Structure formats: structure tokens, C-alpha cells
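# Tertiary structure, described
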Amino acid sequence: MASEFIPAAKPIIGEAEREAVDRVLRSGMIAQGPEVAAFEREFADHFAEGRPTVAVNSGTSGLHLGLLAAGVGPGDEVIVPSFTFAATGNAVALTGASPVFADIEPDTFTLDPASVRAAITPRTTAIMPVHLYGHPFLADEIAALAAEHGLAVYEDAAQAHGASWRGRPVGALGDFAMFSLYPTKNMTSGEGGMVVCADEDLARRVRLLRNQGMERQYENEVVGFNARMTDIHAAIGRVQLGRVDAWTAARRRNAAALDAGLRGIAGVAVPRVREGAVHVYHQYTIRVPASERDRIRGALKEEHGVGSGVYYPIPNHRLPSLARFAPGVELPETERAAAEVLSLPVHPSLGEPDIERIVAAVAAVSRAGA
Ligand SMILES: *Cc1c(COP(=O)(O)O)cnc(C)c1O
């Protein structure tokens, strides 16, 4: 193969990130400190209308602590999608509450409000939708349902830094939101997460849970975790924050070029974007016939040097870990998506020739199967 392999994802770490880490290491103070505090403020201003924001050691910790801080616990039901990374349902289960799985709507791969409505019981206390692939969930419909039934809304914004819905940024659409800073996400701190809270009371409870239940040293108020972010990680994240808007613009440009190239190829459905949504393309996800997907994926890699991903092949309500929460649950759109989706490279390191190669490869392997 003449050309270089195009990976499905590629974190960008530059000289500025290395210098920032070095600066913290030289300071001799590497645990949570001034870098984390600055990162929290800057992140909140950048993404979440300045809401109170708490940095933690992973996105999963962020969901878990956010739920606990909001009072979710045993006996509660929280409605989540099944078509997501398992961390969404895991975080609910870890509180002692039950994740209740609802179906997605096929255009955006996000929670279907009609399915959410059907899943509401007297024990439901909240809805936690996911801005999957960087497309915002249908926030108005979900907010209306929540208001009608007195439910809270928590956002899993792990994949959606900078996305918005009708002019409102994701992260400011619910009672709290979690952003992941894992290396393959739209920006990274190495590992890490941000919890954006609607009010200072909630943020204070997340802060307590993050640090052994202490606000003042050795005066532990509640039973808590060590879920702190280090200043080393925050220093990386602060540099990335200055670069993420350009990366998002590149993802959106790449997605538009993929749309233009792939539209019209028989058997390929390009991703749809709802009116009013700003999609940040954490993933660029097409649908192909279920019976063809494995062959297409293999041929892209072996014959054309193009990586791809399947997010996610097994719906969460059928995972050995979470199936006990979903006896008899059937989610047809989730099953169909799990069988048909294929995510193509869209990351900001790609140039026009890469996009042309990806388009040509998909065209060639689709024809080969027709
Ligand atoms: C990545 C991800 C998480 C978890 O974040 P981590 O930082 O990896 O713990 C949760 N939900 C979704 C949808 C994710 O993509």
C-alpha cells in the first residue's frame, strides 16, 4: 500500500502541552492546585456560560459524582439511552439507582422523546440523554417531558465539546453536564472530566465528593472519593482549550467534505443534522447494510488503509453488566443502529487528500459488494 494508514482517531499533543507539563513538574506542586482551578474557570467560560464547573479525574467519575450530588440513589430510576458507551448506564448503576433504557430516534442517534415518555414510571427521577457523536440531543422535547413529569435532566456531553442546540451550548441545558477529557475525545487532559452544574450548591456537593467530603482540611462533612484532577493534567487541558475551536472547525469542514463525497453512494447513509443543531463530529457515522458492514470495514482497512470504528456494537441493555436492569426490554432502533453504524475518520489532523482517499475507498468497497 503506497499511502500511510489513516487512523480512526488521533489525539493532537504539541510542544505547548509538553512545556505546560514541564512547568508544573518544575514547580514541585503536581497534585490538584492552581492549574485545576484556572482550568475549571476557563472551561466554564469557554463552553458553559460560566456555570460552576468542577474538574475530576475522568468523565465516568464526573457522571457518578454528579448523580450522587444530585441525590440519585437506591430506588430511583434514571432513563438513559442503550446506544452509548457503557459509562452512561454504569454511572447510574453505581449510585444504586436503576438505569432504564429507552430507544433512539434514527436520524440523530439520540434519545427518542416518545420512547422516553413510555419508559417513565412513578420511580423515575431523571433523564440522562447523551449528545452522541457530538450531535446535541433533542433538548426542547426532553425538557418539556421533564417539566411535565417533574424530572431532572443530566447531560452526558462526553463527546460534545462546543455543540449547541438552538443557540444554547450543550452543558448548559440541564441540571448538570459531564464532559470527558479522554485522549480520543474532541480535546484531552490525558484523563479527566468536567462537571458543569446549574447552581453553586450542586457544584459544592460535587467538590466535596471529589475530595473525601472535605472543604476544609480534615473536617470531612460527607463520605467521599478521591476523584481529583492533577495540575499536570489540567495544564495539558488548558493548552488544548486554546486549540479546540480550531479543531472543531476542522472536524466540521471534514464532515462537510465527507457529506459531499459520500452522498449518493448506493447503500451509504450520511449522518443527518437537525435544524438548530451544531454538530461537533466527535464521530462521523454513516449507516451501511448490516450484512455488509464487517466486509466493508475489513476492506477499508486491508485494501485502502482507512481505519474505522463501530460505536457501539452491543446495545447496553444487552451487556452482561447491565442486562439485569432490562428484562424483556426491546429497542428496535437501537438494535438497527448497532448493526448498521460505521464511523469514518473525521479528526482535525486530516487534510483534503485524506478526505478524498476516504471517499474513494468507501465508494470502491461499496461497489465491490453491490
Ligand atoms: C467517553 C465517554 C464517557 C466516559 O468518559 P471517560 O472520561 O472515558 O471516563 C461517558 N459517556 C460517553 C458517551 C463517552 O463517550
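The name given to the protein in an unreviewed UniProt entry is DegT/DnrJ/EryC1/StrS family aminotransferase, and the organism recorded there is Leucobacter weissii. Entered under Cofactor (unreviewed entry) in the UniProt record, the comment concerning the protein runs "pyridoxal 5'-phosphate". According to its UniProt record, the protein has this under Sequence similarities (unreviewed entry): "Belongs to the DegT/DnrJ/EryC1 family."

## Thoughts on the packing of helix 3 (residues 59-69) against helix 4 (residues 87-94)
Running from N to C, helix 3 and helix 4 point in directions that differ by 40°, and their axes come no closer than 9 Å. Taken as axis vectors, helix 3 and helix 4 run oblique relative to one another. With respect to the hand of their crossing, helix 3 and helix 4 are arranged in right-handed fashion. Counting all contacts with helix 3, which are made through Thr60, Leu63, His64 and Leu67, the residues of helix 4 involved are Ala87, Thr88, Ala91, Val92 and Leu94.

## Observations regarding the UniProt feature "modified residue: N6-(pyridoxal phosphate)lysine" (unreviewed entry) in the protein
UniProt's entry tags Lys185 with the feature "modified residue: N6-(pyridoxal phosphate)lysine" (unreviewed entry), counted in the numbering of this structure. With a relative accessible area of 15%, lysine 185 lands in the buried category. Contact partners of lysine 185, with chain neighbours within four places excluded, come to Ala158, Gln159, His161, Ser180, Arg251 and His282.

## Side note on the side chain of serine 308
With respect to the helices, strands and loops of the structure, serine 308 is situated in the loop between helix 10 (293-304) and helix 11 (332-340). Contacts of serine 308, omitting those with residues within four sequence positions, involve Ala8, Arg297, Leu342, Ser343 and Leu344.

## Looking at the packing of aromatic side chains
Scanning the model with the defined rule gives 11 aromatic pairs in all. A ring pair is formed by phenylalanine 83 and tyrosine 133, whose centres lie 6.4 Å apart and whose planes are at 90°; its orientation type is edge-to-face. Taken together, the residues span a long stretch of sequence, with phenylalanine 83 in the loop between strand 2 (77-81) and helix 4 and tyrosine 133 in the loop between strand 4 (124-127) and helix 6 (139-149) at a distance of 50 residues. The exposure classification of phenylalanine 83 matches that of tyrosine 133, with both residues buried. Through pairs of rings, three or more aromatic residues link up here, namely Phe39, Phe43, Phe47 and Phe179.

## Concerning the side chain of glutamate 40
For glutamate 40, the location among the structural elements is in helix 2 (residues 34-47). Take glutamate 40: its relative accessible area is 12%, and that puts it in the buried class. Among the polar contacts made by the side chain of glutamate 40, one reaches the main-chain amide nitrogen of alanine 55 at a distance of 2.8 Å. Not counting residues up to four positions away in its chain, the partners in contact with glutamate 40 are Thr53, Val54, Ala55, Met194 and Arg210.

## A closer look at the pattern of salt bridges
Using the criterion set out here, one finds 23 salt bridges in the structure. Residues glutamate 35 and arginine 23 are paired through a salt bridge, measuring 2.5 Å at the closest nitrogen-oxygen approach. Taken together, the residues glutamate 35 in helix 2 and arginine 23 in helix 1 (residues 15-27) connect sequence positions 12 residues apart. On the basis of relative accessibility, which here comes to 10%, the residue glutamate 35 falls in the buried class. Residues aspartate 107 and arginine 272 are paired through a salt bridge, measuring 2.7 Å at the closest nitrogen-oxygen approach.

## What to know about helix 8 (residues 231-241)
Within helix 8, 8 of the 11 residues are buried, which leaves it mostly tucked inside the rest of the structure. Among the residues making up helix 8, those that are buried are Asp231, Ala234, Ala235, Ile236, Gly237, Val239, Gln240 and Leu241. If you follow the buried residues of helix 8, they end up packed against helix 1, helix 2 and helix 9 (244-262).

## Some remarks on the site of the ligand
Near the ligand you find 16 residues, and of these Gly59, Thr60, Asp156, Ser180 and Lys185 are the closest. Interatomic distance of 2.6 Å between a side-chain N/O atom of threonine 60 and an oxygen atom of the ligand. Interatomic distance of 2.8 Å between a side-chain N/O atom of aspartate 156 and a nitrogen atom of the ligand. Contact with the protein chains hides 93% of the accessible area of the ligand, taken as 380 Å² for the molecule alone. Elements that contribute at least two residues to the shell around the ligand include exactly helix 3, helix 4 and strand 8 (176-180).

## Examining the nonpolar core
Phe83, Leu262, Tyr284, Leu300 and Leu344 are the most contacted members of the largest nonpolar core, which has 37 residues in total. Of all the elements in the fold, those that place two or more residues in this core are helix 9, strand 11 (284-287), helix 10, helix 11, strand 12 (341-344) and helix 12 (352-369). Of all the elements, helix 12 adds the most residues to this core, at 7 residues. Split by domain, the residues of this core number at least three in each of domain 1 (15-241) and domain 2 (244-368). When residues no more than four places from it in sequence are discounted, the contact partners of phenylalanine 83 are Ile104, Phe109, Leu132, Tyr133, Tyr311, Tyr312, Thr334, Ala337, Ala338 and Val341.

## Brief notes about the pairing of strand 1 (residues 53-56)
Because side chains alternate across strand 1, one face comprises the buried residues Thr53 and Ala55, and the other comprises Val54 and Val56, equally buried. Of the pairings in the sheet, the one linking strand 1 to strand 9 (residues 193-197) comprises 4 bridges and is antiparallel in character. Opposite threonine 53, over in strand 9, you have valine 196 as the bridge partner.

## Remarks on the sheet that holds strand 7 (residues 168-169)
Pairing is antiparallel in the open sheet, where 3 strands are placed in the order 7-6-10. In this open sheet, the two strands that pair with only one neighbour each are strand 7 and strand 10 (277-278). As paired elements, strand 6 (residues 164-165) and strand 10 share 2 bridges and run antiparallel to each other. Counterpart to serine 164 in the pairing with strand 10 is valine 278.

The rules behind each value
- Residues numbered from 1 in each chain as written.
- Predicted model: local features only at pLDDT ≥ 70, side-chain atom pairs only at ≥ 80, totals over all residues.
- Heavy atoms only, no water.
- UniProt positions renumbered as here; feature names shortened; annotations may be inferred.
- Axes fitted to C-alpha atoms, helices over the stretch in contact; angles between N-to-C directions.
- Helix = DSSP H or I, 4+ residues; strand = E, 2+ residues; numbered from the N terminus.
- Parallel < 35°, antiparallel > 145°, perpendicular 65-115°, else oblique.
- Left-handed = near helix turned anticlockwise from the far one by under 90°.
- Contact = heavy atoms within 4.5 Å.
- Buried < 20%, exposed > 50% of the residue type's maximum accessible area, 1.4 Å probe, protein only.
- Phe/Tyr/Trp six-rings, centres within 6.5 Å; stacked < 30°, edge-to-face > 60°.
- Polar contact = N/O pair within 3.5 Å; in protein donor to acceptor, adjacent residues only side chain to side chain.
- Salt bridge = Lys/Arg side-chain N within 4 Å of Asp/Glu carboxyl O.
- Near = heavy atom within 4 Å.
- Areas by Shrake-Rupley, 256 points an atom, 1.4 Å probe, with all protein chains shown as cover.
- Core = buried A, V, L, I, M, F, W, Y, C linked by side-chain atoms within 4.5 Å.
- Domains from an automatic or database assignment.
- Pairing = 2+ DSSP bridges.

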